[in-house]
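Report on the structure
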Amino acid sequence: MADDKLQKTVIIGVGTVGCRLASRIREHNEAHRYLFIDTDRYPLSAYKPAESLLIGADETEGRGTGKRPDIGSRAAEQAEAAIRKMIGDADVAVITASFGGGTGAGAAPVVAQYARDQHATTVVAAIDPFAFESSAKVQQAYEALRRAAQLSEAVVRIPCMLPPSATAGEMSFKDAFVSAEEYAGVAAGSLVQMITNPGMLRLDFGDLRRVLAEPGGAIIGVGRAKGDNRVEAAIRQACHSSFLDVYRIHAAANVLLHVSGGEKLTLAEVDSAARSIGGIATDGDYLLSIDIRPELTDEVVATVLLSGFTAKKQEPKGPPPEQETAPDGAFIYEGVNIDVPTFLRRPRNRYSRSDRFPADKFRI
Amino acid sequence: MALQPTTLLQGPAQRQGQPMKPGQSLRPGQTPAVAELAGALDIGTSKITCIIAKAHDDVLTEICSYATEESRGIDRGEIVHLDDAAAAVAAAITKAQAAAGLECRKYFVGVAGKRSQGLKSRGVGTLSRENHEITETDVLLALKAARKISLPPDQQIIDSVPQSFTVDDSPGLRNPVGMTGNRLDAEIYLATDSISSVRNVGVCMMKAGYRCESVLFEPFATAEAVLTPDEKQLGTVQIDIGEGTMNVVVYYGGAPRYARVLPVGGGQIVRDVAIGLSTTVAAARDLVHNRGVACDTLIGAMEAKQVLDVPTPDSTTPHKCTLGKLCYIIECRAEEMFEIAKKEIQKSGAANYSTAGVVLTGGTALLKGITNKAEQVFDTGARVGRAKAFTNHPVLGENPAYATAIGLLAYGVRVRGLIEKEQPNPLVDGVLKIYNRIREFF
């Protein structure tokens, strides 16, 4: 992608968490334009006035939505002109938000709609609520995801990942929270990297769009590793995060693997990455992109994007679909219950020279 | 010599391979026994077979004893009730040990459940030495690389067999050691199974009081027992029809090209007969064993009209049925089983490899006309596979139902070895010799 196009990417953080995520992306991707939109005055004050926008001040007095997406949504609609102006003529808009919050869940889909209206390719990167949060909040996030999917070109869900030590009870809540946000930051950063900088082993935007535009959105997983077998370890971490397991990697119609490494990334490691992705994708419908980032010296970051869960039957590499067993353990082959006696299902012997032994002929 | 069960379960100080007398125990510092004892356990859906044998230099030398026990807690090749299965395993092993008068601790246990599957993998090794000569280490590394594949989180690799090597642009090499080149590719065939079913086998053995030396993929083991080197080279389908599962493996060029465990088996033939003739499962089993024919070309029109007595479930007067009807029911099922196997092989693309014939094993291979049916469906020659190459035992060497158990012993002893050693092995070709050593890597 040409340099002038790089400049036309805008990353929009919506809501407090979305803004923090956007600023995390900025740490490694200085070249883009950044916007921070929030209903809460206090966290917004951390960003430059020129790139921040307080919305819904009439209704919330600059104190947040109180986790109510309808207020967030109204606030964005009221600030339509300002938001459209800030998006300007961007070609690509990446909107980051937490769908657990009011501003993120309410305003992000609206912002996405404005960006799309202005002919920007719009991708929403949404952080899911923590697993322990209330079902109402999960429902709210689901609703926001549905809206965002309608109003933008692609939605990428970033799992709220907790490290295993956190769930084992060793990590303090604060550390766990920071760690989850850091994971989300790396995932969103990799996504932006993928969208804006296709890397050495090229991936054009059309490829990416094909993966992202699947109905049902895409899911992102990130792994980072150092030392021996680092590429493999990073890919395993990215694929086998507890969140992705839920979605059964092998059921995804599209798999995209993006590996970023330092200057020392070797051909053998790239080969190993290619083989790993070949193993993950069932139908061979996968994309691999490699990107060299000098700031990553020994570390390798692997990002896996999966999509197409709804478009395709769950077809893991394990038992192929014809071997799906019915709940009672019956063997279903090509839609036929094989446990039902064959002579009841098949009228005649296909290899017989004649119909000498049809079943009823010998009935006494 | 009959042994008390308590003696059999003595602590690890008891050396294996030593004939034991009641009350005897090993003194500290006593020289280990020279004979190496190996046991194999085929945990099937209908019966558990245990064979104990002596081996020397990774080759089977003498079968000491065998025993079978009715299975409990097993469904379609997988353990579904640990305690029941462990009790049946313990009973089978106790019987075999008592018959041999020896105590064997290490057992090769076969696994082939409905979640097992085979897949091909490829590994690349870069040759950086100045003279570009390929060493054993390079081969080991390439094979190791080939085993590195992403599996579903609930699957694990249980076995792998090298297929061939490619040096630069020369494919199909059996042993590349000593050749020169820039790049070495290894192609291997992997067998995977669900982690939980493999673990269940280990736990079951532990509960039974014995050690699972190694878990082997049954289709590979059966092929080891019954396929001739020629058959493995030319391309043969080996089908082991058990009670609950049917293991299908295709060999070509000396290595497996396709393996699959299908949840159909001889048990379904019996069930079909029980349903079709309205009789009990036991009576249906008797009918299938004694009168069953799986191919109509073997019975003439007159014979087909022969009337059979079929016991009724409530033990009243038996009702009548013709032999033709019994055979029709069996034939339908046998035909369908082979057709499923054929379709699966075709789907995998391995059909091109399977032209030299079909070899049938398992209890159902004894069914009259089953080879004729296989010939019809696969349109090629078929025979019953017997483990004669490994034993001249009147039962084990003749009955295809024991082929897998013998295969587990022979394959286990050859590939996994009983004790770690570096001696050359005349039966094993270069690649497999190296492969034995690779086992230690993983």
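Residues numbered from 1 in each chain as written. Chains lettered and ligands numbered in written order. Predicted model: local features only at pLDDT ≥ 70, side-chain atom pairs only at ≥ 80, totals over all residues. Heavy atoms only, no water.

Once that is clear, we can look at the overall build of chain B. Across its full length, chain B carries 13 helices and 18 strands. Within chain B, buried positions represent 58% of all 442 residues. If you take every contact in chain B between residues at least 6 apart in sequence, the share linking residues at least 24 apart comes to 68%. Summed over its atoms, the accessible surface of chain B is roughly 17,400 Å², and 51% of this surface lies on carbon and sulfur atoms. (Helix = DSSP H or I, 4+ residues; strand = E, 2+ residues; numbered from the N terminus. Buried < 20%, exposed > 50% of the residue type's maximum accessible area, 1.4 Å probe, protein only. Contact = heavy atoms within 4.5 Å. Areas by Shrake-Rupley, 256 points an atom, 1.4 Å probe, with all protein chains shown as cover.)

Another aspect to go through is a nonpolar patch on the surface. The grouping of A:V340, A:L344 and B:I275 at the surface amounts to a nonpolar patch, some 250 Å² of accessible area in total. Accessibility expressed as a relative area gives 31% for A:V340, which makes it partly exposed. (Patch = residues over 30% accessible without salt bridge, like charges linked within 9 Å, V, L, I, M, F, W, Y side chains within 5 Å. Salt bridge = Lys/Arg side-chain N within 4 Å of Asp/Glu carboxyl O.)

Attention now goes to the sheet that holds strand β8 (residues 254–261) of chain A. All names here are of chain A. Read from one edge of the open sheet, ten strands run β3-β2-β1-β4-β5-β6-β7-β10-β8-β9, paired in mixed fashion. The two strands at the open ends of the sheet, each matched to only one other strand, are β3 (52–54) and β9 (286–292). On average, adjacent strands in this sheet sit at an angle of 20° to one another, irrespective of strand direction. As paired elements, strand β7 (residues 218–225) and strand β10 (residues 300–307) share eight bridges and run antiparallel to each other. Bridge pairing in β10 places G221 opposite V304. Of the strands in this sheet, β1 (9–14), β4 (92–98), β5 (121–127), β6 (154–158), β7, β8, β9 and β10 are in contact with helix α10 (residues 173–196), which crosses β7 at around 105°. (Pairing = 2+ DSSP bridges. Axes fitted to C-alpha atoms, helices over the stretch in contact; angles between N-to-C directions.)

A word on the pairing of strand β1 (residues 36–43) of chain B. All names here are of chain B. Among the eight residues that make up β1, eight are buried, leaving the element largely enclosed by the rest of the structure. Because side chains alternate across β1, one face comprises the buried residues E36, A38, A40 and D42, and the other comprises L37, G39, L41 and I43, equally buried. Bridge count between β1 and strand β2 (residues 47–56): eight bridges; the pairing is antiparallel. When the bridges of β2 are listed, I43 appears paired with I48. Here β1 hands over to β2 after three residues, the two strands then running antiparallel side by side. Judged from the three bridges that link them, β1 and strand β6 (residues 106–111) form a sheet pairing that is parallel. Note on β6: the bridge partner recorded for G39 is Y107.

Before going further, it helps to examine the environment of A:R346. For A:R346, the location among the structural elements is in the segment after α15 (342–345). A:R346 gets classed as buried once you look at its relative accessible area, which sits at 8%.

Below, the discussion takes up the pairing of strand β8 (residues 155–167) of chain B. Residue and element names in this part refer to chain B. The buried fraction of β8 is high, at twelve of 13 residues. Pairing analysis gives eleven bridges linking β8 to strand β10 (residues 183–194), with the strands arranged antiparallel. Looking at the pairing, V161 lines up with Y189 of β10. Relative to strand β9 (residues 170–173), β8 runs antiparallel, the two sharing two bridges. For F165, the partnering residue across the bridge sits in β9 and is L173. In textbook terms, the turn of a hairpin is the stretch between consecutive antiparallel strands, and for β8 and β9 this stretch comprises two residues, one of which, D168, has a positive phi near 50°.

All names here are of chain A. When pLDDT is averaged along chain A, the result is 74; 74% of the residues meet or exceed 70. Per-residue pLDDT, averaged within each element of chain A, yields its smallest value for helix α1 (residues 3–6) (47) and its largest for strand β2 (residues 33–38) (90). Predicted confidence is poor over residues 1–7, with pLDDT under 50, and the contacts of this stretch with residues over four places away or in other chains come to nine contacts. For the stretch residues 353–364, pLDDT sits under 50, and the model shows 29 contacts to residues farther than four places along the chain or on other chains. (pLDDT = per-residue confidence, 0-100.)

Before going further, it helps to spend a moment on helix α8 (residues 281–291) of chain B. Residue and element names in this part refer to chain B. Restricting attention to buried positions, one finds in α8 the residues A283, A284, L287 and V288. The arc that holds every buried residue of α8, seen down its axis, measures 135°, which confines them to one face. For α8, the exposed residues lying more than 90 degrees away from the buried face are A282, H289 and N290. (Arc of directions from axis to C-beta.)

Right, let's talk about the pattern of salt bridges for a bit. Residues and elements named next belong to chain B. Inspection of the entire model under this criterion finds 31 salt bridges over all chains. Among the ionic pairs, R72 bridges to E69, the shortest N-O distance being 3.8 Å. The exposure class assigned to E69 is buried, which follows from its relative accessible area of 16%. K232 is the salt-bridge partner of E224, the closest N and O atoms lying 3.9 Å from each other. On the accessibility criterion, E224 (9% relative accessible area) is buried.

Residues and elements named next belong to chain B. Phi is positive for S278, close to 50°, though the residue is something other than glycine. Take S278: it is sitting in the loop between α7 (266–276) and α8. By relative accessible area, which is 43% here, S278 ends up partly exposed. Positive phi outside glycine occurs at D379, with the angle close to 60°. Looking at the element boundaries, D379 is found in the loop between α11 (370–378) and β18 (382–384).

Time to look at the environment of B:V384. All names here are of chain B. Mapped onto the elements of the fold, V384 is located in strand β18. C-alpha of V384 to C-alpha of T361: the two residues are 23 residues apart in sequence and 6.0 Å apart in space. If sequence neighbours within four positions are ignored, V384 has contacts with V359, L360, A365, T371 and P400.

Counting 119 residues, the largest nonpolar core has B:F220 and B:I239 as its most contacted members. With 13 residues, helix α10 (residues 323–348) of chain B is the single largest residue contributor to this core. If we ignore the near neighbours within four places in the chain, the residues touching B:F220 are B:D159, B:V161, B:Y189, B:A191, B:V249, B:Y251, B:P256, B:A259 and B:Y411. Core analysis: the second largest hydrophobic core is formed by 37 residues, A:Y47, A:L208, A:V222 and A:L256 among them. (Core = buried A, V, L, I, M, F, W, Y, C linked by side-chain atoms within 4.5 Å.)

Time to look at the packing of helix α2 (residues 82–100) of chain B against helix α4 (residues 195–208) of chain B. Angle between the axes and distance between the axes are the two parameters that describe a pair of packed helices. Residue and element names in this part refer to chain B. Interhelical geometry of α2 versus α4 gives an angle of 60° and a closest axis separation of 8 Å. Relative to α4, α2 is oriented oblique. Between α2 and α4 lies a crossing whose hand is right-handed. Where α2 abuts α4, its residues L82, D83, A85, A86, V89, A90 and I93 lie against N200, V203, C204, M205, K207 and A208. Looking at side-chain class alone, the contact of α2 with α4 contains ten nonpolar, one polar and two charged residues. (Parallel < 35°, antiparallel > 145°, perpendicular 65-115°, else oblique. Left-handed = near helix turned anticlockwise from the far one by under 90°. Nonpolar A, V, L, I, M, F, W, Y, C, P; charged D, E, K, R; others polar.)

This part covers the sheet that holds strand β3 (residues 59–70) of chain B. Residues and elements named next belong to chain B. As summarised here, the arrangement of the five strands in space is β3-β2-β1-β6-β11, forming an open sheet in which the pairing is mixed. A strand with exactly one partner marks an edge of an open sheet, and here the two such strands are β3 and β11 (211–217). Shown here is a sheet whose adjacent strand axes are inclined to one another by a mean of 25°, direction ignored. Judged from the ten bridges that link them, β2 and β3 form a sheet pairing that is antiparallel. Bridged to T49 within β3 is T68.

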